[in-house]
Amino acid sequence: MSTELVTMNIGPIHPSTHGVFRMRVTFDGETIIDAEPIIGYLHRGSEKLAEERTYTQVVTLTDRMDYTASMTNNQAYILSVEKLSGITPSERGVWLRMIASELQRIAAHSVAIGFLINDLGAWHTPLLYLLREREKILELFEMMCGARITNSYLRPGGVFMDAPDEFWPSLNRFLDEMPNRLDDIENLLTDNEIILARTQNVAILDKNDAINASITGPMLRASGVDWDLRHRNPYDYYEKISFRRPLGTVGDNNDRYLVRLHEIRESLKIVEQCLDLIEPGPVQPEEVPFLVRPPKGESYVPIEAPKGELGFYLVSDGGISPFRCHVRAPSLINLTLLRDMVIGYKIADLFVTFGSIDVNMGEVDR
Amino acid sequence: MFGIGLLKGLFTTLKNLLGPVFTVQYPNKKVGLIGALKFHKKSPLEFLRTQPNEFIKSLAGLHEVPEYPSQAPRFRGQDFNWFEDRCTGCASCAKYCPLGIIKIETTPGSRDEKEGSSYDIDVFDIDIGRCMFCGLCVEACPFDALHMGSGFERANEKRKGLVIPVDELRTAIKTPSTWFRPQMEDKNYKPKEKGAEIKDWHDVGRHEQPSDEELTEKWVNER
Amino acid sequence: MGPVRESFIFEFLYCHLSLEASCSSVRIINIAFIPESLSWISFSLTAFFWIFVFVNAALVGVLALIWGERRLIGKFQARLGPNRWGPLGLFTPVADAIKVMFKEDIEPTLSDKLIYVLAPILMVVPVFMIFPIIPYGAKTFLTNISVGVVFVLAITSINSLSVLMAGWASGNRFAIIGGIRAVAMLLSYEIPMGISAAGVVIVAGSLSLSGVVDSQVIPNAIFQPLGFITFLIASTAELNRSPFDITEAESELVAGYMTDYSSMKFGLFYLGEFMATIASSAIIVTFYFSGWRGPSFIPSEIWFLAKWIGVIAIFIWFRATFPRLRIDQIMSLAWKGLFELSLINVLVLALMIAIWPDPTGMQLLLMTAINWIVFLASVYIFGKILSPNLTGNKIKKRSVIYGLD
């Protein structure tokens, strides 16, 4: 019987490409022979735009890169600016931004898991349960900084304003409730035989491949590499915090899901520890000017963003705006292995694998 | 046993079926008679007498009562609040806007110049069609003249309608957000509460209003 | 008039039209005017009336189901579901229907025009044919054909043809993949479905649906759980509902075989699918929940309706909870799992009926107990031995390890 390969363009407009992403996929029946990712549909030139804005104004651009994790984007950028201009951040400001970024990690992982399960075909139920929890985090952010997604909360030297009084009881309530909600999610998803059958032993990413492709974040840890920048290369006050790093054993889609789920629990613990250690004080040192003017030089501070190692490479020529700004976007680099991961699997696995990589097109294209 | 996980999942969804609903029915929700009475705080007879049409509607569960999501005081709203008396026309906001969407034109002041030179504001247009509500303009304002608003219902059918002209800024009801205004937060100001409108420009300032003696001391005696 | 006159609702109307002699006992009011020699006229009038009623009832039922499904899934997901149009959002499906009707009807250039138009019609028409044969109450049914079970199985398998036609005629690659998946899946699940139904027939000793209902002293869902589970899973697959909705597979194939359909053609697919859900639920009620039977203080039609809504709610519950299976897993489940399980069910039932051809109450309870033991044992063995095979890899609950400091 003569058969024919079918080539299909999946995306840029497709329900499960998480934005505007296109894959040119060749199928043999249901089996994937080739998958070529094509990106660039959401390119906005953020890096170039940063070159003609002041250091404070660029913060607003970073919000819009990975729009599910604005706080960590702010954090990565601000750390780089602080290193560049030699600003010592105020203590309370750092604790606040650690709380904010850990909450953001919970929110981002919630989105990642929710949409992964949605790609598996669950009819939005786990997604909505998780978005319900994320909503609470966004409300906390709204209290902190007046915006839910595009926060622009951090400033060189700390944060722009202390969290209001009503923030702390709300945060405590959230920390009390969240573990129960996570148990619910685990009941719904972790033992579910359909999810196990769909995700286990699919798109296995080998440890060496992952390291060679410079994969970072939960995806790397799911492959069993103990690499978490909060632990390996502590920034802010992460040395003072103890937390565990969940690692996968096989490196398949199921491990990537599990690692994210357990990281949410660890993040909750980190926030609790931060709450114990935070002390009253100024949130931004007095001497930091509104218009930061760093000396000539360059800086790069990598942080552990929800999706992987995120860093802003900034070059200063002594002016009020960066001479060059480059973003090491984890989404883009994690996406590079998609082709190698999906070949030989079925059509349905393509979307699950894509979902398990957890990319954000805003960050891939910038 | 095979299938236990599936059953666990089924029970989780069942638990949530019986649990509370998280929907906020902005801008209004339809309620029956009980809900309507609870909202209006009226007895059934009174409700029937005052609003007979609505009474009949409420029997069918179609009476509409407004419902708004909770909103933090720092919420950066869509409308800007501007106090002309505080504004010196320095255009710091226009300079710090990352997108350059604030257009400000001034002429040298015809106002009382006792407190230092000031300018008349002829044009103060904010194009919120391109605004990303980062609030840097508010952060930059040295005299607390410009505030983020707390409203979010300024949708428009035309792009032109998305430009806030100076006249609207002058006449608008001012319920500023407390974004970057710690003095407002210290007063525990809640823009979404009833009667939160600010009429006096002195109320939003960073400092207490100086008395005449203090002014004389600072501006006359010290020099 | 023979067998048709068995139907009470048919006879009732017929007798109020026709002056036939045998009718006089049925009449309540003497308004009949058509002479006996022209009985074909009264027969046709009655038939048309009931066709009108059944078709419209099915359509209203679909509107109700669309509302109910969206509302119930909303509650499962801790939100409200439709609530804007009318009280509790009851008019939302009406608004949907109006919107669908007024959309532009697009015919893709690459489509095979005739088949493209025929496919949605073929989806809807067979489902209408199931409704008249279902016994809704002790006397409320339109016709009682003697091969009801076979008729149902035959009619429900037509829609796989419709799906294939739609997928092929669209000239779209998403659609053709959806169509081919549909044929593979629907044909595979016909077999466990048919064999499970055979279990029902063995117990009933009759192929007519009324006979099936009459035979169920203990509802079949309790009496033969294995058959019930296999039939439920197989009919979920037949209905293309989650977790077997690979033919539509929103996250993979956009909308599968109906990607290119718009306007009322899409509306017909939608209609056909929801109507099939209603019809299938009615069949499950008849086969496994003892149809209209129930304590007689409530009318039998109400019993039937309550069970009917219950079964539909189970389908909606499944949809709200389960993710989708992959095509190879679905095929393995049909051939390596459900096929054997339904065979075991039929074998056990046949043996027991051979031993106790006319069971008494105690014997029935004993048979139920044996069936449950067989059910639990076979599902356990199926889980242990077949599940690794089922998915092509060994699945095992797993946890994470933690990095060392």
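Scroll up to find the structure.
Structure report, in brief. (Residues numbered from 1 in each chain as written. Chains lettered and ligands numbered in written order. Predicted model: local features only at pLDDT ≥ 70, side-chain atom pairs only at ≥ 80, totals over all residues. Heavy atoms only, no water.)

**Looking at the overall build of chain A**
In step 1: Scanning chain A for helices and strands turns up 15 helices and nine strands.
In step 2: In terms of overall dimensions, chain A is globule-like: its C-alpha atoms have a radius of gyration of 21 Å, near the 21 Å expected for 366 residues.
In step 3: In terms of overall dimensions, chain A has C-alpha extents of about 80 × 45 × 35 Å along its principal axes.
In step 4: Relative to its full complement of 366 residues, chain A shows a buried share of 67%.
In step 5: Pairs at least 24 residues apart make up 71% of the contacts formed inside chain A by residues separated by at least 6 positions.
In step 6: Here chain A has roughly 11,700 Å² of accessible surface; of this, 52% comes from carbon and sulfur atoms. (Helix = DSSP H or I, 4+ residues; strand = E, 2+ residues; numbered from the N terminus. Rg over C-alpha atoms; globule rule 2.2 N^0.38 Å. Buried < 20%, exposed > 50% of the residue type's maximum accessible area, 1.4 Å probe, protein only. Contact = heavy atoms within 4.5 Å. Areas by Shrake-Rupley, 256 points an atom, 1.4 Å probe, with all protein chains shown as cover.)

**Some remarks on the interface of chain C and chain A**
As a measure of interface size, the accessible area lost when the parts come together is often cited.
In step 1: With 39 residues of chain C in contact, the opposing surface of chain A contributes 54 residues.
In step 2: Surface buried jointly by chain C and chain A totals about 4,100 Å² across both partners, of which 56% is contributed by carbon and sulfur atoms.
In step 3: Three residues stand out in chain C for area buried against chain A, namely Arg 326, Arg 398 and Tyr 402 of chain C, and they jointly supply 19% of the buried area on that side.
In step 4: Summed over the shared surface of chain C and chain A, the result is four salt bridges.
In step 5: Our count for the chain C to chain A interface comes out at 14 residue pairs in polar contact (both at pLDDT 80 or more).
In step 6: Elements with a minimum of two residues in the side of chain C that touches chain A: helix H2 (39-76), helix H7 (173-204), helix H11 (250-253), helix H13 (300-321), helix H14 (327-355) and strand S1 (401-402) of chain C.
In step 7: The leading source of residues in the side of chain C that touches chain A is H7 of chain C, at four residues.
In step 8: Here the residues of the side of chain C that touches chain A sort into 17 nonpolar, eight polar and 14 charged.
In step 9: Summarising the sheet, strand S6 (residues 246-247) of chain A and S1 of chain C pair through two bridges and their orientation is antiparallel. Residue pairing in the sheet places Pro 246 of chain A in a bridge with Tyr 402 of chain C of S1 of chain C. (Buried area = accessible area lost by both parts, 1.4 Å probe. Salt bridge = Lys/Arg side-chain N within 4 Å of Asp/Glu carboxyl O. Polar contact = N/O pair within 3.5 Å; in protein donor to acceptor, adjacent residues only side chain to side chain. Nonpolar A, V, L, I, M, F, W, Y, C, P; charged D, E, K, R; others polar. Pairing = 2+ DSSP bridges.)

**Comments concerning the interface of chain B and chain A**
In step 1: With 36 residues of chain B at the contact, the number on the chain A side is 35 residues.
In step 2: Counting the surface lost from both chain B and chain A, the interface buries some 2,900 Å², and carbon and sulfur atoms represent 56% of this.
In step 3: Interface area lost by chain B to chain A is led by Arg 74, Arg 76 and Tyr 96 of chain B, which between them contribute 21%.
In step 4: On inspection of chain B and its partner chain A, the count reaches three salt bridges.

**Observations concerning a nonpolar patch on the surface**
Residues and elements named next belong to chain C.
In step 1: A cluster of nonpolar side chains, Trp 85, Leu 88, Leu 90, Phe 91, Val 94, Ile 98, Met 101, Phe 102 and Met 264, forms an exposed patch at the surface whose accessible area comes to about 970 Å².
In step 2: Relative to the helices and strands, Trp 85 is located in the loop between H2 and helix H3 (92-101).
In step 3: For Trp 85, a relative accessible area of 56% puts it in the exposed group. (Patch = residues over 30% accessible without salt bridge, like charges linked within 9 Å, V, L, I, M, F, W, Y side chains within 5 Å.)

**Let's talk about the environment of Arg 265 of chain A**
All names here are of chain A.
In step 1: Position of Arg 265 among the secondary structure elements: in helix H11 (residues 253-277).
In step 2: Distance in space between the C-alpha atoms of Arg 265 and Gly 158 is 26 Å, their sequence separation being 107 residues.
In step 3: Excluding its chain neighbours within four sequence positions, the residues that come into contact with Arg 265 are Pro 179, Leu 182, Asp 183 and Glu 186.

**Some details on the side chain of Arg 71 of chain C**
In step 1: Tracing the sequence through the fold places Arg 71 of chain C in helix H2.
In step 2: In this structure, Arg 71 of chain C is buried with no salt-bridge partner, the nearest side chain bearing the opposite charge being Glu 67 of chain B at 12 Å.
In step 3: Setting aside residues no more than four positions away along its own chain, Arg 71 of chain C makes contact with Leu 80, Gly 81, Pro 82, Asn 83 and Leu 88 of chain C. (Lys, Arg positive; Asp, Glu negative; His and termini not counted.)

**Notes on the packing of helix H6 (residues 167-189) of chain A against H11 of chain A**
Residue and element names in this part refer to chain A.
In step 1: Running from N to C, H6 and H11 point in directions that differ by 160°, and their axes come no closer than 11 Å. Comparing their axes, H11 and H6 come out roughly antiparallel. H6 and H11 meet at a crossing whose hand is left-handed. Where H6 approaches H11, its residues Trp 168, Leu 171, Asn 172, Phe 174, Leu 175, Met 178, Pro 179, Leu 182, Asp 183, Ile 185, Glu 186 and Leu 189 are matched on the opposing element by Tyr 257, Leu 261, Ile 264, Arg 265, Leu 268, Val 271, Glu 272 and Leu 275. (Axes fitted to C-alpha atoms, helices over the stretch in contact; angles between N-to-C directions. Parallel < 35°, antiparallel > 145°, perpendicular 65-115°, else oblique. Left-handed = near helix turned anticlockwise from the far one by under 90°.)

**Focus: helix H4 (residues 91-119) of chain A**
In step 1: Here H4 of chain A contains 29 residues, and its C-alpha end-to-end distance of 42 Å stays within 8% of the 42 Å for a straight helix at 1.5 Å per residue.
In step 2: Within H4 of chain A, 27 of the 29 residues are buried, which leaves the element mostly enclosed by the surrounding structure. (Expected span 1.5 Å × (residues − 1).)

**Notes on the pattern of salt bridges**
Opposite charge on two side chains allows them to pair when their charged atoms are near.
In step 1: With the rule as written, the count across this model stands at 52 salt bridges over all chains.
In step 2: Across the pair Glu 177 of chain A and Lys 136 of chain A runs a salt bridge, and its minimum N-O distance is 3.1 Å. One end of the pair, Glu 177 of chain A, is in helix H6; the other, Lys 136 of chain A, is in helix H5 (residues 125-145), with 41 residues separating them in the sequence.
In step 3: When its relative accessible area of 32% is taken as the criterion, Glu 177 of chain A is described as partly exposed.
In step 4: Of the charged contacts, one joins Arg 326 of chain C and Asp 349 of chain A as a salt bridge, the two residues approaching to 2.9 Å between their closest N and O atoms. You can see Arg 326 of chain C sitting in the loop between H13 and H14 and its partner Asp 349 of chain A sitting in helix H14 (residues 347-357), one on each of two chains. Considered together, Arg 326 of chain C and Asp 349 of chain A belong to a single accessibility category, that of buried residues.

**Side note on the sheet that holds strand S4 (residues 102-108) of chain B**
Residues and elements named next belong to chain B.
In step 1: Reading across the sheet, the three strands line up as S4-S5-S7 and stay open at both edges, with antiparallel pairing between neighbours. Edge positions in the sheet fall to S4 and strand S7 (163-164), since each has one partner strand and no second.
In step 2: In terms of strand pairing, S4 meets strand S5 (residues 119-127) through seven bridges, oriented antiparallel. Bridging from a neighbouring strand, Thr 106 pairs with Ile 121 of S5.

**Quick notes on the packing of aromatic side chains**
In step 1: Applying the stated criterion to the full structure yields 36 aromatic pairs over all chains.
In step 2: With a centroid separation of 6.3 Å and 70° between ring planes, the pair formed by Phe 287 of chain C and Tyr 288 of chain C is classed as edge-to-face. Tyr 288 of chain C shares its class with Phe 287 of chain C; the two are buried.
In step 3: Through a chain of ring-to-ring contacts, three or more aromatic side chains come together here, namely Phe 49, Trp 50, Phe 54, Tyr 136, Phe 304 and Trp 308 of chain C.
In step 4: Positioned above the aromatic ring of Tyr 237 of chain A, the side-chain terminus of Lys 240 of chain A is 4.3 Å from the ring centre.
In step 5: The lysine or arginine in question, Arg 244 of chain A, covers the ring of Tyr 402 of chain C, its NZ or CZ lying 3.8 Å from the ring centre. (Phe/Tyr/Trp six-rings, centres within 6.5 Å; stacked < 30°, edge-to-face > 60°. Lys NZ or Arg CZ within 6 Å of the ring centre and 35° of its normal.)

**Some words on the side chain of Arg 319 of chain C**
In step 1: Inspection of the secondary structure puts Arg 319 of chain C in helix H13.
In step 2: There is a polar contact of 2.3 Å between the side chain of Arg 319 of chain C and the side chain of Glu 69 of chain C.

**A closer look at the nonpolar core**
In step 1: Core analysis: the largest hydrophobic core is formed by 112 residues, its most contacted members being Leu 103 of chain A together with Phe 80 and Phe 124 of chain B.
In step 2: The residues contacting Phe 80 of chain B, other than those within four sequence positions of it, are Ile 126, Ile 128, Cys 131, Phe 133, Cys 137, Leu 146, His 147, Met 148, Gly 149, Ile 164 and Leu 169 of chain B. (Core = buried A, V, L, I, M, F, W, Y, C linked by side-chain atoms within 4.5 Å.)

**Description of empty space enclosed by the protein**
Residue and element names in this part refer to chain C.
In step 1: Counted by the stated rule, this structure contains four cavities of 30 Å³ or more.
In step 2: Each pocket or cavity is described by its volume, and for the largest cavity that value is around 150 Å³.
In step 3: Counting only elements with at least two residues in the lining of the largest cavity, the list comes to helix H4 (113-128), helix H5 (148-156) and helix H12 (263-288).
In step 4: Here the residues of the lining of the largest cavity sort into 10 nonpolar, four polar and one charged. (1 Å grid on protein atoms, 1.4 Å probe; cavity = no way out; pocket = protein on both sides within 12 Å on 5 of 7 lines; lining within 4 Å. Points joined across faces, edges and corners; volume = space filled by probe spheres on them.)

**So, the pairing of strand S7 (residues 297-305) of chain A**
Residues and elements named next belong to chain A.
In step 1: Both S7 and strand S8 (residues 308-316) contribute to a ladder of nine bridges, which runs antiparallel. Each bridged residue has a counterpart across the sheet, and for Val 301 the counterpart in S8 is Phe 312.
In step 2: Hairpin remark: S7 followed by S8, antiparallel, with two residues in the connecting loop.

**Some details on unusual backbone geometry**
In step 1: Here Tyr 26 of chain B and Pro 27 of chain B are connected by a cis peptide whose omega angle stands at 0°.
In step 2: Along the chain, Pro 27 of chain B falls in the loop between helix H1 (4-18) and strand S1 (28-31).
In step 3: The phi dihedral of Ala 203 of chain A is positive, around 55°, even though this residue is not glycine.
In step 4: What makes Ala 203 of chain A buried here is its relative accessible area of 0%.
In step 5: Although it is not a glycine, Phe 133 of chain B adopts a positive phi angle of roughly 55°.
In step 6: Structurally, Phe 133 of chain B can be placed in the loop between S5 and helix H6 (136-140).

Interpretation in functional terms is not warranted from these geometric data alone.
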